[in-house]
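Below, each chain spelled out in residue letters.
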Amino acid sequence: MTEFQFITEWRISAPLAEVYDAITHCLDWPTWWRGCKKVEKLVIGDANGVGSVHRFIWRGRIPYRLTFDMLITHVVPFALIEGQVSGEVMGIGRWNFFHENGVTVVCYEWQVRINKLWMNLIAPLAQPLFRWNHHQVMRLGAEGLAHLLNSRLESVHTSTS
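Residues numbered from 1 in each chain as written. Predicted model: local features only at pLDDT ≥ 70, side-chain atom pairs only at ≥ 80, totals over all residues. Heavy atoms only, no water.

Some words on the overall build of the protein
Helix and strand content of the protein: three helices and eight strands. Listing the helices and strands of the protein from first to last along the sequence gives β-α-α-β-β-β-β-β-β-α-β. Relative to the compact-globule value of 15 Å for 161 residues, the protein shows a C-alpha radius of gyration of 15 Å, a close match. For the protein, the spread of C-alpha atoms along the three principal axes comes to 45 × 35 × 25 Å. The buried share among the 161 residues of the protein stands at 47%. Put simply, of all contacts in the protein between residues at least 6 apart along the chain, 51% involve residues at least 24 apart. (Helix = DSSP H or I, 4+ residues; strand = E, 2+ residues; numbered from the N terminus. Rg over C-alpha atoms; globule rule 2.2 N^0.38 Å. Buried < 20%, exposed > 50% of the residue type's maximum accessible area, 1.4 Å probe, protein only. Contact = heavy atoms within 4.5 Å.)

If you want it as structure tokens, here you go:
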């Protein structure tokens with residue numbers, strides 16, 4: 001299986017609590033995050049969301065969809081949300097949050113293996129395109145979040161390994 005590791009950092013001139021709240025309310029993502037087509041709650045977790053499971057359907061700039069479930073495994077309110085991913089991609093997603101010099105920094109780590117046959121078959125040639133698509137989806141999320149919060153998007157940066 002083809003593996004990807006992405007780290008995306010958003011810097012948004014908005015209060016940490018507002019940014020954290022928007023990210024934790026993932027059922028609302030399709031209203032502000034272009035590319036997020038649908039989110040369904042499958043399992044209700046505890047008060048912080050640990051144990052909850054959501055199904056996500058994504059479509060980037062390249063016309064293919066990815067569907068996966070995210071089980072929230074660890075939460076430190078206003079600092080960390082971590083989950084285990086299964087479905088068409090498998091692995092770990094981790095949101096880190098902090099506030100620095102009037103800017104909220106959101107760092108998203110995405111360490112996944114592709115679980116779609118056709119994607120694995122073309123991955124040796126298409127990896128740069130898959131990386132570009134991921135970056136575009138994350139940029140749309142940062143732009144949508146800044147717009148939602150009526151804030152300025154300071155920067156978006158994605159690195160891969």
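Now that the structure has been shown, we can carry on.
Comments concerning the side chain of glutamate 82
Looking at the element boundaries, glutamate 82 is found in strand E5 (residues 80–87). At 2.5 Å, the side chain of glutamate 82 forms a polar contact with the side chain of arginine 94. Those residues in contact with glutamate 82 that sit more than four places away from it in its chain are Leu71, Ile72, Thr73, His74, Ile92, Gly93 and Arg94. (Polar contact = N/O pair within 3.5 Å; in protein donor to acceptor, adjacent residues only side chain to side chain.)

Considering the sheet that holds E5
In spatial order, the strands read E2-E3-E4-E5-E6-E7-E1-E8; together these eight strands make up an open sheet with antiparallel pairing. The open sheet has two edge strands with one neighbour each: strand E2 (36–43) and strand E8 (153–160). For this sheet the average axis-to-axis angle between neighbouring strands, irrespective of direction, equals 20°. Where strand E3 (residues 53–59) meets strand E4 (residues 65–76), seven bridges bridge the pair, whose relative direction is antiparallel. Residue pairing for E4: isoleucine 57 is matched across the bridge by threonine 67. (Pairing = 2+ DSSP bridges. Axes fitted to C-alpha atoms, helices over the stretch in contact; angles between N-to-C directions.)

Considering a nonpolar patch on the surface
Together, Leu117, Trp118, Leu121 and Ile122 make up a nonpolar patch on the protein surface, roughly 430 Å² of accessible area in all. Tracing the sequence through the fold places leucine 117 in helix H3 (residues 117–148). (Patch = residues over 30% accessible without salt bridge, like charges linked within 9 Å, V, L, I, M, F, W, Y side chains within 5 Å. Areas by Shrake-Rupley, 256 points an atom, 1.4 Å probe, with all protein chains shown as cover. Salt bridge = Lys/Arg side-chain N within 4 Å of Asp/Glu carboxyl O.)

Observations regarding the nonpolar core
Judged by nonpolar contacts, the single largest core of 47 residues is most densely connected at Trp10, Trp29, Trp33 and Trp95. For this core, the element with the most residues is H3, which contributes 10 residues. With residues up to four places along the chain from it excluded, the contact list for tryptophan 33 reads Trp10, Trp58, Trp95, Val137, Met138, Leu140 and Gly141. (Core = buried A, V, L, I, M, F, W, Y, C linked by side-chain atoms within 4.5 Å.)

Examining the state of the cysteines
In the structure shown here, the tally under the stated rule is zero disulfides. Left without a disulfide partner, cysteine 26 is nearest to the cysteine sulfur of cysteine 36, which lies 8.0 Å away. (Disulfide = S-S within 2.5 Å.)

Brief notes about a positive patch on the surface
Together, Arg34, Lys37, Arg59, Arg61 and Arg65 make up a region of like positive charge exposed at the surface. Assignment of secondary structure puts arginine 65 in strand E4. Overall, arginine 65 belongs to the partly exposed group, its relative accessible area being 44%. (Lys, Arg positive; Asp, Glu negative; His and termini not counted. Charge placed at Lys NZ, Arg CZ, Asp CG, Glu CD.)

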